[in-house]
Amino acid sequence: MPCPKLVCPAGSLPALRAAVDAGADAVYVGFRDATNARNFAGLNLADAQLSEGLAYVRRHGRELLVAINTYAQAGQSRQWQRAVDAAAELGADAIIVADLGLLDYAHRVHPQLRLHLSVQGSATNPAAIRLAHEYFGIRRAVLPRVLTLAQVQQVIAQTEVEIEVFGFGSLCVMVEGRCILSSYATGASPNTAGVCSPANAVRWQEKGGCTEARLAGVLIDRYGAGEAAGYPTLCKGRFDVAGDTYYALEEPTSLNTLSILPELIRAGVAAIKVEGRQRSPAYVAAVTATLRAALDAAARPGFSVRRSWDAALASVSEGHQQTLGAYSRPWR
């Protein structure tokens, strides 16, 4: 089986260069506006940087993907359409889109532009992917991080569309595109605000020798002196449940698929994606270099995970913990 393409994040020009230099086959970026699910201050590439980044990608024979992965708002759809136009004019190799109306626009107006269905499109079964292919001509779909390895295999076997899966990075306990936890607390949906915990809703407070993390006034977690504090999201908070205080839904931990890379390759996965456009160039370089080496090795017989790979990924993992997530559910 062909080795999957390694698709890596670039929230800045240095991160883009780091990904390319470390062996990424493709990098994904976003515009500095609401069409981008990682539209944070100080993040993403300005127009001139996008052109420079594209030139760098081209010189190294790699691909540039543009994420236009939030949902167009009523009365403002032209802004999202202009983002599609801009990506096409830039010469992007593909755009990553969640909104079906925007997929329709891109398919009609820019028929030459390659379309990928974003993980925020929330397609978890072959029927949904086939529909997007039939009506909008998508060439690839990014699966939400809630499917077992067997379910991924079934999806691939029943669709002609390329399938991309996440291989490393922060986990989402929900089916992407369907989470309402953050919007319940803050009034801002991840599908529109592009983030589970909007910065203006996050508050850190020192109280009784501890640090409290709150989201729109809701206490998410309380950290003791010297305890590492992650960015607060509702699904990864610690709560009092039946007298026991612990992570009620999910622990802060990173997805790490090193051990199942041969199975993903045999399943026919077209691309392995790394999460983290909000992370540093050093993170991008370390994860890309590690997965590049591991993927190349996994495509050959006799694969085994090297300690140096595990150590490299552990050093940048959320909460310094790693998991196979939904890929492996031995209790089923």
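Residues numbered from 1 in each chain as written. Predicted model: local features only at pLDDT ≥ 70, side-chain atom pairs only at ≥ 80, totals over all residues. Heavy atoms only, no water.

Here the focus is the overall build of the chain. Of the regular secondary structure elements, the chain holds 11 helices and 15 strands. Taking 332 residues into account, the globule formula puts the C-alpha radius of gyration at 20 Å, and the chain, at 20 Å, falls close to it. Sorting the 332 residues of the chain into buried and exposed places 50% on the buried side. In the chain, the proportion of contacts linking residues at least 24 apart, taken out of those at least 6 apart, comes to 64%. Carbon and sulfur atoms provide 52% of the accessible area of the chain, an area that totals close to 14800 Å². Positive and negative side-chain charges of the chain, numbering 32 and 29 respectively, have mean locations separated by a distance of 2 Å. (Helix = DSSP H or I, 4+ residues; strand = E, 2+ residues; numbered from the N terminus. Rg over C-alpha atoms; globule rule 2.2 N^0.38 Å. Buried < 20%, exposed > 50% of the residue type's maximum accessible area, 1.4 Å probe, protein only. Contact = heavy atoms within 4.5 Å. Areas by Shrake-Rupley, 256 points an atom, 1.4 Å probe, with all protein chains shown as cover. Lys, Arg positive; Asp, Glu negative; His and termini not counted. Charge placed at Lys NZ, Arg CZ, Asp CG, Glu CD.)

Another aspect to go through is empty space enclosed by the protein. Across all of its chains, the model carries two cavities of 30 Å³ or more by this definition. Estimated volume of the largest cavity: approximately 80 Å³. Residues belonging to the lining of the largest cavity are distributed by class as follows: 11 nonpolar, one polar and one charged. Considered as a void within the structure, the second largest cavity measures approximately 50 Å³ in volume. Every residue lining the second largest cavity is listed: Cys172, Cys179, Leu181, Ser182, Cys196, Thr233, Leu234 and Cys235. (1 Å grid on protein atoms, 1.4 Å probe; cavity = no way out; pocket = protein on both sides within 12 Å on 5 of 7 lines; lining within 4 Å. Points joined across faces, edges and corners; volume = space filled by probe spheres on them. Nonpolar A, V, L, I, M, F, W, Y, C, P; charged D, E, K, R; others polar.)

A word on the state of the cysteines. Inspection of every chain in the model, using the stated rule, returns zero disulfides. Unpaired in this structure, cysteine 3 has its nearest cysteine sulfur neighbour in cysteine 8, at a distance of 12 Å. The class of cysteine 3 is partly exposed, set by a relative accessible area of 30%. (Disulfide = S-S within 2.5 Å.)

Right, let's talk about the environment of cysteine 8 for a bit. Residue placement: cysteine 8 occurs in strand S1 (residues 5-9). Sequence-wise, cysteine 8 and proline 281 are 273 residues apart; in three dimensions their C-alpha atoms are separated by 11 Å. Ignoring anything within four residues of it in the chain, the contact list for cysteine 8 reads Ala19, Ala24, Ala26, Val27, Tyr28, Val274 and Thr288.

On to unusual backbone geometry, then. Apart from glycine, the bulk of residues carry a negative phi angle, and the bulk of peptide bonds sit in the trans form. One non-glycine residue, asparagine 44, adopts positive backbone phi at about 80 degrees. For serine 122, which is not glycine, the phi torsion reads 60 degrees and is therefore positive. If you trace the backbone, serine 122 turns up in the loop between strand S5 (115-117) and helix H5 (126-136).

For the rest of this paragraph, the subject is the side chain of asparagine 256. Structurally, the position occupied by asparagine 256 is in strand S13 (residues 254-256). Classification of asparagine 256 as buried rests on a relative accessible area of 8%. At a separation of 3.0 Å, a polar atom in the side chain of asparagine 256 contacts the main-chain amide nitrogen of leucine 258. For asparagine 256, the residues in contact, after removing those within four places along its chain, are Gly167, Phe168, Asp310, Leu313, Gln322, Thr323 and Leu324. (Polar contact = N/O pair within 3.5 Å; in protein donor to acceptor, adjacent residues only side chain to side chain.)

Evaluated as defined, the whole model comprises 15 salt bridges. Of the charged contacts in the structure, one is a salt bridge between arginine 58 and aspartate 93, with a shortest N-O distance of 2.9 Å. Here the residue arginine 58 occupies a position in helix H2 (residues 47-59), and aspartate 93 occupies one in the loop between helix H3 (77-90) and strand S4 (94-97), the gap between them amounting to 35 residues. According to the relative accessible area criterion, arginine 58 is partly exposed, its value standing at 39%. (Salt bridge = Lys/Arg side-chain N within 4 Å of Asp/Glu carboxyl O.)

Turning next to H5. Among the residues making up H5, those that are buried are Pro126, Ile129, Ala132 and Phe136. Take H5 and look down its axis: the buried residues cluster within an arc of 140 degrees, on one side only. Along H5, the residues that are exposed and aim more than 90 degrees away from the buried face are Glu134 and Tyr135. Where H5 is buried, its residues touch helix H4 (100-109), S5, strand S6 (140-142), helix H6 (149-157) and strand S7 (162-170). The backbone nitrogen of alanine 127 lies 3.1 Å from a side-chain oxygen of the residue at the head of H5, namely asparagine 125. Looking at the residues trailing H5, positive phi occurs at glycine 137, about 70 degrees. (Arc of directions from axis to C-beta.)

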